[in-house]
Amino acid sequence: MPPRKRAAAPAAPTTMKELKDTLWKAADKLRGSMDASQYKDVVLGLVFLKYISDAFDERRDQLRAELLADDLREDQVEGLLNDADEYTGHGVFWIPQTARWSYLAENAKGLPASGDQPAKTIGTLVDEANTHVMASNPTLRGTLPSGFNKDSVDQRRLGELVDLFSNARFRGEGASKARDLLGEVYEYFLGKFAAAEGKRGGEFYTPPGVVRVLVEVLEPYSGRVYDPCCGSGGMFVQTEKFLERHAKDPQAIAVYGQEFNERTWRMAKMNLAVHGLGGDLGPSWQDTFARDVHPDLQVDYAMANPPFNVKAWTRDPEDRRWRFGTPPATNANYAWIQHILSKLAPGGSAGVVMANGSMSSNSGGEGEIRARLVEADLVSCMVTLPTQLFRSTGIPVCVWFFAKDKAPGARGSVDRRGQVLFIDARELGHMVDRTERALSDDDLACIAGTFHAWRGTPSASKKGLTYEDVPGFCRSATLAEIKASGYALTPGRYVGSANVGEDGQPLEEKIERLTEELLAQFETSARLEASVREQLEKLG
């Protein structure tokens, strides 16, 4: 009997996408009987624990090298390696021994009973690890998920996932690089969870392409950045990536946010930590309209994707934030806009994603509020985006951009007081699958470049960009024109239609030709009608 051939081992992932897909498929096996929100907490909580443990190991190795270089004895080195201040002082969380990833990896199949200690499942060990981490790091209290040992969590598969996350590929490219990869994995998982949860996914996740429209137009190189409905923190993560692309210091920004949903607030806290961002998201999850956790905050940049057309919201007609008019009780769109404007420091700017209806609605006094915003010269740019950018909703969306100062200065050399730039970007983007569209880098550069050329920003000057109206795409309109249009801010109303190529035929000849063609069509139509009537008479 010939020797049996061994089954080929599955090929190891060779690209970042393959690695993320492999991890997702493995994590997906955990789903079992868990509902989507619990499943999300378990998987993202595990990625986070891996991340902070890796960061701890990286700092520990660095510290050991420094101490040995100073000729300290081994016992002195060991003592200082266990000094929590040596970690927290460098922005690294202190991880107790039984919360470290190495300990969990060693016991991925559970811990057997020993002496008077009962056996523990891997789920129990992860729950205990999270408890220890939160007890040792006050800023993480109330953040990390629990429930890893619930009946609905398959302990065998949880252990397999721990093994998979321990894969050498994460550690093989240097500790810092490995942590960057974990940040990418965390973000990738967020997107997958948002797609899996459909409409509810939109509550915590904004597609990166949409966020980048805001970031690339606002260019937040430094200062305070704020999102009053921050979801999982995508605006902050894309801001950090923007700074990285431009070789700027991520520490040049200070992040402030607020989130109403408890689970989403926890996700945002973990997301910021995974990307190495500090941030103040308030002491707990809160309703922005009922309790502003940053009441005295003034920011340089505000970015937000508030929930669209919220019908039931905490409305106080006497709220001082309603400087331009009290928003209707049945729609919070103009409450979000005015809240954000109340946070802008002098010279500050903002970008807000809204449903298209916000640009022209006159119900509940929204038309009057919009007119006051325009007359106050706060609106700098309106952009309509292509459809299907959001997997969670088919509602067409736009972005409102605001600026407290449109005069020549640091934010732009061209005086745009009394003007608003309209961009109709509905024709941009490409379908990535049957239901979802995405904006390419070129699309984003087209939108942002148009704005910067219009405003005369340093980045436009550096690229040699100059602005001119493009029929069908962009136009700079005066406040008088906007007033004449009833303060509607729909770009299509101002940019008009794209130029149609000329055929070179004189107008009189063209009219004569088209008239002849139309009359010929009439004759054909009459002949066909007569033929159909004749056939119907024969039938009946």
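The structure we're discussing is the one just above.
These notes cover the structure that comes with them. Quantities reported herein were computed from a predicted structural model and do not represent experimental measurements.

### As for the packing of aromatic side chains
- All told, the structure shown has 17 aromatic pairs when counted by the stated rule.
- Relative to F390, the ring of F308 lies with its centre 6.1 Å away and its plane at 70 degrees, an arrangement referred to as edge-to-face. One end of the pair, F308, is in the loop between strand 3 (299–304) and helix 13 (333–343); the other, F390, is in the loop between strand 5 (379–384) and strand 6 (397–403), and 82 residues separate them in sequence. Accessibility assignment for this pair places F308 and F390 in one class, buried.
- Considering the side-chain rings of F401 and F451, the 6.4 Å spacing of their centres and the 35 degrees angle between planes classify their relative orientation as tilted. Taken together, the positions of F401 in strand 6 and F451 in helix 15 (residues 441–455) put the pair 50 residues apart, joining distant regions of the chain.
- Judged by its relative accessible area of 9%, F451 is buried.
- Here the basic side chain of R100 rests over the ring of W94, its NZ or CZ set 5.6 Å away from the ring centre.
- Against the face of Y221 rests K248, its NZ or CZ located 5.7 Å from the ring centre.

### Quick word on the nonpolar core
- Core analysis: the biggest nonpolar cluster contains 58 residues, and L30, L46, L104 and F189 have the highest contact counts within it.
- Those elements giving two or more residues to this core turn out to be helix 1 (16–28), helix 2 (36–69), helix 3 (74–81), helix 5 (101–106), helix 6 (122–136), helix 7 (155–165), helix 9 (175–197) and helix 12 (262–274).
- Per element, the largest residue contribution to this core is 14 residues, and it comes from helix 2.
- If we ignore the near neighbours within four places in the chain, the residues touching L104 are L49, T98, A99, I122, L125, V126, A129 and V162.
- Core analysis: the next-biggest nonpolar cluster, separate from the first, contains 47 residues, V397, V399, L444 and F473 among them.

### Observations concerning the pattern of salt bridges
- Applying the stated criterion across every chain yields a total of 21 salt bridges.
- Residues E66 and R59 are paired through a salt bridge, measuring 3.8 Å at the closest nitrogen-oxygen approach.
- Taking relative accessible area as the criterion, E66 reaches 37% and is therefore assigned partly exposed.
- What makes R59 buried here is its relative accessible area of 4%.
- One salt-bridge network, held together by shared partners, links R212, E216, R245 and D441.

### A look at the pairing of strand 6
- Of all 7 residues in strand 6, 7 are buried, a share of seventy percent or more.
- The two faces of strand 6 match: V397, V399, F401 and A403 on one face and C398, W400 and F402 on the other face are all buried.
- Note that strand 4 (residues 344–355) and strand 6 share 7 bridges and pair antiparallel. Paired with M354 across the strands is C398, a residue of strand 6.
- Here strand 5 pairs with strand 6 via 5 bridges, running antiparallel. The residue of strand 6 that forms the bridge with C381 is F401.

Conventions used here
- Residues numbered from 1 in each chain as written.
- Predicted model: local features only at pLDDT ≥ 70, side-chain atom pairs only at ≥ 80, totals over all residues.
- Heavy atoms only, no water.
- Phe/Tyr/Trp six-rings, centres within 6.5 Å; stacked < 30°, edge-to-face > 60°.
- Helix = DSSP H or I, 4+ residues; strand = E, 2+ residues; numbered from the N terminus.
- Buried < 20%, exposed > 50% of the residue type's maximum accessible area, 1.4 Å probe, protein only.
- Lys NZ or Arg CZ within 6 Å of the ring centre and 35° of its normal.
- Core = buried A, V, L, I, M, F, W, Y, C linked by side-chain atoms within 4.5 Å.
- Contact = heavy atoms within 4.5 Å.
- Salt bridge = Lys/Arg side-chain N within 4 Å of Asp/Glu carboxyl O.
- Pairing = 2+ DSSP bridges.

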